[in-house]
Protein chains: 2
Amino acid sequence: MPALFHIMTRTRHALEWQVGHAPQLGTPPALFVPATVPGAVQLDWARAQGWPEPAYDPDIGKYRWMEDVFWRYRAVLPDMAASANTRLFFVCGGVDYRYQVSLNGHVLHAQEGMFTPLDIELTGIAQAGDVLEVEVFPAPKSCESGDRVEANQSVKPAVSYEWDFHPRLVPLGIWEDAYLEQRPPAHVRRSEVRYELDEDLSVAHVRCDVFVSHARAGVLQWRLAGPDGAVVIDHTCTPDAPVVAMTANVHRPRLWWPNGQGDQALYTSTLELMDAAGAVIDSKTQRVGFKRVRLVMHPTQWDEPEIQVFPKGRHTSPITVEVNGRRVFAKGANWVSPDIFPGRISRATYEPLLALAHDSHFNMPRCWGGAIVQKESFFDLCDELGLMVWQEFPLACNRYEGTPEYLAVLDRESASIIRRLRGHASLALWCGGNELFNNWSKMTDQDLALRLLNRNCYDLDRERPFLMTSPMPGMAHGGYFFRRDDGAEVYQYFAQSKNTAYTEYGVPGSAGVETLRAIIPAAELWPPRPGTQWTTRHAFGAWQHNSWLDLHTIAHYFGEPATLEQMVEWSQWLQAEGYKAIFEEARRQKPTCAMALNWVLNEPWPTAANNSLVNWPAAPKPAMSAVADSCRNILASARVPKFAWHAGEAFTSEMWLLNDSTEALPAGRVEAWIHVGDTRTQALTWEHSGAAANTNVQGPALRVLLADAPSDRLTLELRWVDHPERNSSYHLRYFATRATAGEKAYRMGGV
Amino acid sequence: MPALFHIMTRTRHALEWQVGHAPQLGTPPALFVPATVPGAVQLDWARAQGWPEPAYDPDIGKYRWMEDVFWRYRAVLPDMAASANTRLFFVCGGVDYRYQVSLNGHVLHAQEGMFTPLDIELTGIAQAGDVLEVEVFPAPKSCESGDRVEANQSVKPAVSYEWDFHPRLVPLGIWEDAYLEQRPPAHVRRSEVRYELDEDLSVAHVRCDVFVSHARAGVLQWRLAGPDGAVVIDHTCTPDAPVVAMTANVHRPRLWWPNGQGDQALYTSTLELMDAAGAVIDSKTQRVGFKRVRLVMHPTQWDEPEIQVFPKGRHTSPITVEVNGRRVFAKGANWVSPDIFPGRISRATYEPLLALAHDSHFNMPRCWGGAIVQKESFFDLCDELGLMVWQEFPLACNRYEGTPEYLAVLDRESASIIRRLRGHASLALWCGGNELFNNWSKMTDQDLALRLLNRNCYDLDRERPFLMTSPMPGMAHGGYFFRRDDGAEVYQYFAQSKNTAYTEYGVPGSAGVETLRAIIPAAELWPPRPGTQWTTRHAFGAWQHNSWLDLHTIAHYFGEPATLEQMVEWSQWLQAEGYKAIFEEARRQKPTCAMALNWVLNEPWPTAANNSLVNWPAAPKPAMSAVADSCRNILASARVPKFAWHAGEAFTSEMWLLNDSTEALPAGRVEAWIHVGDTRTQALTWEHSGAAANTNVQGPALRVLLADAPSDRLTLELRWVDHPERNSSYHLRYFATRATAGEKAYRMGGV
């Protein structure tokens, strides 16, 4: 009996893969090397050649030719015990990017697009010893520009065609699990739990769609258990058709809340297919989180004065996130792929990064359209951690023209993406892609690609918000430097901006010393110079000016650094304070502003300098903890007007209470202290009268003449009496000398 | 033989309708009166009561109760000769608004929505003497607000719930043709010709989809004949399935151009179904015009300075119309229903109005979302006259919440509208509705209703542009007065606006004396006072201020009028000059600005005053010919700074050449003359160097001290030497007295 039952349930069989390349389709590779699946052809080839780990390889250019050949994976089917009616399938989560699948040289399936999974039945046509092959075409290129424009007619993420933080290296190959699966004659082909919430959130109308192998396949039992394990739905049916929908209501469902706003209540749906004897033949589980997300206007947007006079235009796009009826300020970061090679990303890759995001009080990663749509485990973790995912489709910074060929691939790929992700509690909103309405992309509302994405999201996931792109009207991207060309610092130019959401902005920071030693050869390490590995690792010439090391700005405030360690310290100081200034300024602009998402949390390989808060793979820079402080639900915050101060100058700052919590704060006291060297001055005591839930309060402005003190640093410390967990501090540049007029103009961040 | 052929083709049978009302569904009406179909229950009832024509009825309020009862149409089926296999259908183009169709008391069909036609097979279930009934439900109301808000959960046009130019009168009933049709057993159920043009417009890929009654129904012959009658496609096939698609290419198709840009080349498709003997059993004809319309950005929009600095937002929406690869400035007017009762609109109703539009050099009517989607003959005429139709769905100035019930009706109705109209050459673009993103509507990009409309347009008519609403970012609606509250006149406030399209703006004008005598009782005619028929007819209190008669503005420039005739003259003078100023200013702002569409061309009943250029039914006001002058493809134009001038003042104006034609204009001479009473002064001679095709040229500014002359009028005349058809003149207010300081401030339109 046990043996029989074993055969009667699903059985996976791993395949032993090899891979090789050839200049043409159909030409057998001259050499096959062992392949790791999931993975990438580049990794397999590098391993066979004994090349170093690509993340630390100084010669990343040697991978370039691999884009332009045909790669062939090959596996010999193993011997598999099977009962008479067992069915056999080749299952694959995704192949990057265009490919065909053959059995003994006969093409079974051809596809363009890495996001649509495969499930090919081999029953009756395959036997042990047969050769299964996956032939991968060269990387898609619409032209020979050598940059991201080549990706403008494919659904291949553009980032790998080179970006300011990503080398030119276009991965190819089987990037998701691939295996053989034996299934009993009666099995569940697919099932999905979806729900609709009543307007007042009191009832969830839950529906389980089940596709079984055939009518009268057995008895279906569907159970939904609450976060505490209690079963709230228990439904049995005997389907007389291959498709069946079961429905049930959950009254007063426990709601899923984002990080910092409540629990991440997750229900578990279990679907079992049983035979006549009651034995379980097949089963599916899915986690369900009940939540409703809407994008709404900020409270005063409909009444802004500039649109009250004829001729009148229209309002900006809504971008305030309302979760379960509550407006939630979105705090977080842009997310890019945590590895050049998506095939080697796993839950273990995501865990430390998302833990950092969670612990930094983030509630929203923006999964940027230049990168891949992440793997399931990313969304599983976000479900658990309360991270609301802003998910973009793979379009970024290009004009994706709506040719019939492109639209056909985008249609299928986007539908696959939507179907895969829509069940996740963490998924908050869809977005067409990155910066498509900006003048480097030149797409508009009229573009068929974006209208198609709206159509698919409407048809397949109607209740989730859909944005055509970011930024939409009212929102803004940038800047990406501590100090702008015109001398404006982040302190000033964000205080002067009045946007509804800051969905990208960056302050560059050097990698840590240890990372730098790992990626820059010792001979090139000091001083950093263009044309060396510093350039390869994005310290120079990556984008505008001397990005991303931005030595010019470091020198502006501190002079030339004498050592690597000093340079790293100064760079990271600027990054930490710059990010702190922006995150808190965006929060102070609530409720007009509803989002602060910096560019960028992580990176796909170790850079020497970048806007990232984390060095590859998951090493936080000092800015990460500064940002974590700025994103606490409740804190005392200062609107500091500039970074550099001189002895004798009047130091000023506005005091604020920031409150993103559901808690109304009682009256209390905040003290402002100024530290310069050993000198400690109490600058202000603010007897505040508290703050309503989810509401900030502006307080008094302090003004203190700075005494002379031998120090290069001024620290403004805000102490929330009896609540040290709400204290804040700002570390600013101090000059013990009096400023000359020229210095004032040059260094004071004036606009 | 002839008799047999007669029976073997389609035969229509008119029905004799009666109509009555009852308080409940299912309750038989106490009284039936004769009904005209198409028509409206209100018209039938009024006729039976001997009430006056509603357009002239001073007591329009007596129709109010008719909204809230159930109306029942009844017809007895006539005796119809039929051969054995003849099939019988009840065909109806549309019933306004919710209804059910019954035969002998048995409900055959129930529907909400006036735009989805009916085709109900009665074969075998109906015979002579049976009673066919259409029961019409009360007008849809989501609430009891008494105004347009009641229409916010239906696809019933909102205008009839009361607007500033439309009385409260909600029409109901069978508003399109309704008849019985006998069809031979083999017939064409539906056919449609569509095409795609190559990017370079050199080849049209034409496709004819045919749905026949059954497989092997006969032989299909499809012919497409050019505007000159020459057959360019001649295709025969014998369908072996009930659906067949025939395709053919037309090389170098003659293109359809809008009015003023070229010919309106219309091809004719003829589809014939023939029996084995070659006799024609059934046929369908359709006109086809080959054109491509896109909405594109104006040439410099991607480089506007305000979006060049980080943080950066996004660009405005594209609104420049590109037809067949050529940017065409859109000139025209908003279009509202030409009658309160859509059921009595016919081609004859449209003809004089659209002839006026055409002869005024208009190329675009904006079919405003508050009104119905017009009947076929409207689009037929637009096809012929080169009028590019901006077609909105029936949503206007409301928040249409995306409830499942509303979305279901909107889905079906919008799909019916798209399928009906997409074959028209004149149809230029789809728009979700009127002012939905403004703060009186509060809809946004996130609204499901608009996402649904975008979806349906994408699925059913992908190549036509789709706008969510008007205005979109960059565009503007308003103002609606010659002189704004702050004293700014149209001369100033349009010169200061920088919008990409003016898709609504109005200047009110009195009806002509004859119309006023027809709608205002003699006792109330002079002087006009609120609370009389003047108010009913929108002269007072229709919208803001004393709209639409705007006596205050008349008095401001002219003093109190002594007679009706004088008031009408002054009101119409302001309207004509005001519209002239706006149309020409919008044109001068080309290419940033791409559209000038005034509010409004026509009106649904005779008003005493309105922004309309035409009094109901089709009587042009003087402003119509002024606008026609301003819309000539080529003219000399003056940017006049204000309306009122005093003796002794320096008169100034900028000279322009406006050229919307495809013609490059050679160098020439334009003279500016000023006429005050009998005084004629040549103010300027401009030796211009011509203008490129589709390009305006700014010239010099004239400046002339105004002499004293006994007159109330100053005329600026521009003479294009040797081209009198390009001359322009501007009639302005002149005061023979020197202005006092107070007068200057009060009357000079200063902002």
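Residues numbered from 1 in each chain as written. Chains lettered and ligands numbered in written order. Predicted model: local features only at pLDDT ≥ 70, side-chain atom pairs only at ≥ 80, totals over all residues. Heavy atoms only, no water.

Considering the overall build of chain A
Stage number 1. Of the regular secondary structure elements, chain A holds 13 helices and 42 strands.
Stage number 2. A compact globule built from 751 residues should have a C-alpha radius of gyration of about 27 Å, and chain A, at 28 Å, falls within 12% of that.
Stage number 3. Counting only residues that meet the buried cut, chain A has 62% of its 751 residues in that class.
Stage number 4. Of the contacts formed within chain A by residues at least 6 apart in sequence, a portion of 73% connects residues at least 24 apart.
Stage number 5. A total accessible area of about 26,400 Å² is found for chain A, and carbon and sulfur atoms account for 52% of it.
Stage number 6. Computed over 70 positive and 86 negative side-chain charges, the separation of the two mean positions in chain A equals 3 Å. (Helix = DSSP H or I, 4+ residues; strand = E, 2+ residues; numbered from the N terminus. Rg over C-alpha atoms; globule rule 2.2 N^0.38 Å. Buried < 20%, exposed > 50% of the residue type's maximum accessible area, 1.4 Å probe, protein only. Contact = heavy atoms within 4.5 Å. Areas by Shrake-Rupley, 256 points an atom, 1.4 Å probe, with all protein chains shown as cover. Lys, Arg positive; Asp, Glu negative; His and termini not counted. Charge placed at Lys NZ, Arg CZ, Asp CG, Glu CD.)

Structural notes on the interface of chain B and chain A
Stage number 1. Chain B puts 55 residues into the contact, and the matching count from chain A is 56 residues.
Stage number 2. Among the residues of chain B in contact with chain A, Phe310, Arg314 and Arg451 of chain B are the three that bury the most area, contributing 18% of the side total.
Stage number 3. Our count for the contact surface shared by chain B and chain A stands at two salt bridges.
Stage number 4. Taking the shortest distance from any N to any O, the salt bridge between arginine 455 of chain B and aspartate 459 of chain A comes out at 2.3 Å.
Stage number 5. Counting across the chain B and chain A interface gives twelve residue pairs in polar contact (both at pLDDT 80 or more).
Stage number 6. Here the side of chain B that touches chain A takes eight residues from helix H6 (residues 448-460) of chain B, the largest share from any one element.
Stage number 7. For the side of chain B that touches chain A, a count of residues per class yields 28 nonpolar, 15 polar and twelve charged. (Buried area = accessible area lost by both parts, 1.4 Å probe. Salt bridge = Lys/Arg side-chain N within 4 Å of Asp/Glu carboxyl O. Polar contact = N/O pair within 3.5 Å; in protein donor to acceptor, adjacent residues only side chain to side chain. Nonpolar A, V, L, I, M, F, W, Y, C, P; charged D, E, K, R; others polar.)

Examining the relation of the copies chain B and chain A
Stage number 1. Note on the copies: chain B fits chain A at an RMSD of 0.0 Å, the axial shift is 0.1 Å, and the rotation between them is 180°. Here the copies are linked by what is in effect a two-fold axis. Relative to the rotation axis, the C-alpha of arginine 455 of chain B is the closest in chain B, positioned 2.3 Å from it.
Stage number 2. When the interface residues of chain B are mapped onto chain A, 100% of them again fall at the interface, so both copies present the same face. (Least-squares fit on C-alpha atoms with pLDDT ≥ 70 in both.)

Notes on the pattern of salt bridges
Stage number 1. Within the structure shown, the criterion is met by 103 salt bridges over all chains.
Stage number 2. We note a salt bridge from arginine 254 of chain B to aspartate 263 of chain B, for which the minimum N-O separation is 3.4 Å.
Stage number 3. You can call arginine 254 of chain B partly exposed: its relative accessible area is 39%.
Stage number 4. Linking glutamate 384 of chain B and arginine 347 of chain B is a salt bridge whose minimum nitrogen-to-oxygen distance equals 3.1 Å. Linking glutamate 384 of chain B in helix H4 (residues 376-385) with arginine 347 of chain B in helix H3 (residues 347-359), this pair joins segments that are 37 residues apart in sequence.
Stage number 5. The exposure class of glutamate 384 of chain B is partly exposed, given its relative accessible area of 29%.
Stage number 6. Shared partners join several salt bridges into a network, and the residues in it are Arg10, Arg12, Asp119, Glu181, Arg183 and Asp282 of chain A.

Looking at the packing of aromatic side chains
Stage number 1. Tallied over the entire structure, the rule returns 84 aromatic pairs over all chains.
Stage number 2. Residues tryptophan 45 of chain A and tryptophan 65 of chain A carry aromatic rings whose centres are separated by 6.4 Å and whose planes lie at 80° to one another, so their mutual orientation is edge-to-face. In this pair, tryptophan 45 of chain A sits in helix H2 (residues 41-49) while tryptophan 65 of chain A sits in the loop between H2 and strand E4 (70-76), placing the two residues 20 residues apart along the sequence.
Stage number 3. Grouped by ring-pair contacts, the aromatic residues Phe362, Tyr493, Phe494, Tyr502, Tyr505, Tyr579 and Phe583 of chain A constitute a single cluster.
Stage number 4. The ring of phenylalanine 32 of chain B has arginine 74 of chain B sitting right over it, with the charged end atom 3.9 Å from the ring centre.
Stage number 5. Above the face of the tyrosine 730 of chain B ring, lysine 580 of chain B is positioned so that its terminal group lies 5.0 Å from the ring centre. (Phe/Tyr/Trp six-rings, centres within 6.5 Å; stacked < 30°, edge-to-face > 60°. Lys NZ or Arg CZ within 6 Å of the ring centre and 35° of its normal.)

Brief notes about the sheet that holds strand E15 (residues 219-225) of chain B
Remark on secondary structure: sheet strands pair via backbone hydrogen bonds, oriented parallel or antiparallel.
Residues and elements named next belong to chain B.
Stage number 1. One open sheet accounts for four strands, arranged E16-E15-E18-E19; its pairing is antiparallel. Strands with a single pairing partner mark the edges of an open sheet, and in this sheet they are strand E16 (231-237) and strand E19 (280-288). Here the average twist between neighbouring strands, direction ignored, is 10°.
Stage number 2. When strand E18 (residues 267-274) meets E19, the two strands line up antiparallel, connected through eight bridges. Across the sheet, the residue bridging to methionine 274 is valine 280, located in E19. (Pairing = 2+ DSSP bridges. Axes fitted to C-alpha atoms, helices over the stretch in contact; angles between N-to-C directions.)

Structural notes on unusual backbone geometry
Residue and element names in this part refer to chain A.
Stage number 1. Backbone torsion omega between valine 37 and proline 38 reads 0°, so that peptide bond is classified as cis.
Stage number 2. Mapped onto the elements of the fold, proline 38 is located in the loop between strand E3 (33-35) and H2.
Stage number 3. Here the phi dihedral of asparagine 324 falls at roughly 50°; this positive angle occurs in a residue that is not glycine.
Stage number 4. With respect to the helices and strands, the residue asparagine 324 is situated in the loop between strand E21 (320-323) and strand E22 (326-328).
Stage number 5. When its relative accessible area of 7% is taken as the criterion, asparagine 324 is described as buried.
Stage number 6. Residue glutamate 435 is not a glycine yet carries a positive backbone phi of 55°.

Considerations on the pairing of strand E29 (residues 501-504) of chain A
Residues and elements named next belong to chain A.
Stage number 1. Where strand E28 (residues 475-477) lies against E29, three bridges are found, and the strand directions are parallel. Directly across from histidine 477, in E29, lies its bridge partner glutamate 504.
Stage number 2. As a crossover connection, the stretch from E28 through helix H7 (residues 490-496) into E29 is right-handed. (Right-handed = clockwise from strand over helix to strand, strands pointing away.)

Brief notes about the side chain of asparagine 363 of chain B
Residue and element names in this part refer to chain B.
Stage number 1. Take asparagine 363: it is sitting in the loop between H3 and strand E24 (364-367).
Stage number 2. Here asparagine 363 falls in the buried class, since its relative accessible area comes to 2%.
Stage number 3. At a separation of 3.0 Å, a polar atom in the side chain of asparagine 363 contacts the main-chain carbonyl oxygen of phenylalanine 329.
Stage number 4. Setting aside chain neighbours within four positions, we find asparagine 363 in contact with Pro258, Asn259, Val328, Phe329, Ala330, Lys331, Gly386, Leu387 and Met388.

Here's the deal with the confidence of the model for chain A
Stage number 1. With 97% of its residues at a pLDDT of 70 or more, chain A shows a mean pLDDT of 95.
Stage number 2. We note a pTM of 0.96 for the whole complex and an ipTM of 0.95 for its interfaces. (pLDDT = per-residue confidence, 0-100.)

What to know about helix H10 (residues 551-558) of chain A
Residues and elements named next belong to chain A.
Stage number 1. When H10 is considered as a whole, its buried residues turn out to be Thr553, Ile554, His556, Tyr557 and Phe558. Buried positions in H10, seen along its axis, are confined to an arc of 160° and lie on one side of it.
Stage number 2. Glycine 559, located one to two residues past H10, shows a positive phi value of around 85°. (Arc of directions from axis to C-beta.)

Topic: the packing of H10 of chain A against helix H11 (residues 564-588) of chain A
All names here are of chain A.
Stage number 1. H11 packs onto H10 with a crossing angle of 90° between their chain directions and a minimal axis gap of 10 Å. For the element pair H10 / H11, the angle class is roughly perpendicular. Of the residues in H11, those touching H10 at Leu551, Thr553, Ile554, Tyr557 and Phe558 are Met567, Trp570, Ser571, Trp573 and Leu574. (Parallel < 35°, antiparallel > 145°, perpendicular 65-115°, else oblique.)

A look at the sheet that holds E21 of chain A
Residue and element names in this part refer to chain A.
Stage number 1. Taken in spatial order, the three strands make up an open sheet running E20-E21-E22, and their pairing is antiparallel. The two strands at the open ends of the sheet, each matched to only one other strand, are strand E20 (293-296) and E22. Each neighbouring strand pair of the sheet contributes to a mean axis angle of 40°, computed without reference to strand direction.
Stage number 2. Pairing geometry for E20 and E21, over four bridges, is antiparallel. Counted as the bridge partner of valine 293 is valine 323 from E21.

Quick look at the environment of cysteine 143 of chain B
Residue and element names in this part refer to chain B.
Stage number 1. Here cysteine 143 lies in the loop between strand E10 (131-136) and strand E11 (173-174).
Stage number 2. With a relative accessible area of 27%, cysteine 143 lands in the partly exposed category.
Stage number 3. With ten residues separating them along the chain, cysteine 143 and glutamine 153 place their C-alpha atoms 9.4 Å apart.
Stage number 4. Those residues in contact with cysteine 143, other than ones at most four positions away along the chain, are Val149 and Glu150.

Examining the packing of helix H5 (residues 404-421) of chain B against H6 of chain B
Residues and elements named next belong to chain B.
Stage number 1. At a minimum axis distance of 10 Å, the contact between H5 and H6 shows a crossing angle of 30°. For the crossing formed where H5 meets H6, the hand is right-handed. Contact with H5, carried on its side by Tyr406, Leu407, Leu410, Asp411, Ser414, Ala415, Ile418 and Arg419, involves Leu448, Ala449, Leu452, Leu453, Arg455, Asn456, Cys457 and Leu460 of H6 and no other residues of that element.
Stage number 2. A per-class count over the contact of H5 with H6 returns eleven nonpolar, two polar and three charged. (Left-handed = near helix turned anticlockwise from the far one by under 90°.)

Thoughts on H3 of chain B
Residue and element names in this part refer to chain B.
Stage number 1. Taking 1.5 Å as the rise per residue, H3 with 13 residues should run 18 Å; its terminal C-alpha atoms sit 18 Å apart, in good agreement.
Stage number 2. Listed as buried for H3 are Tyr350, Leu353, Leu354, Leu356 and Ala357.
Stage number 3. Histidine 361, located one to two residues past H3, shows a positive phi value of around 70°. (Expected span 1.5 Å × (residues − 1).)

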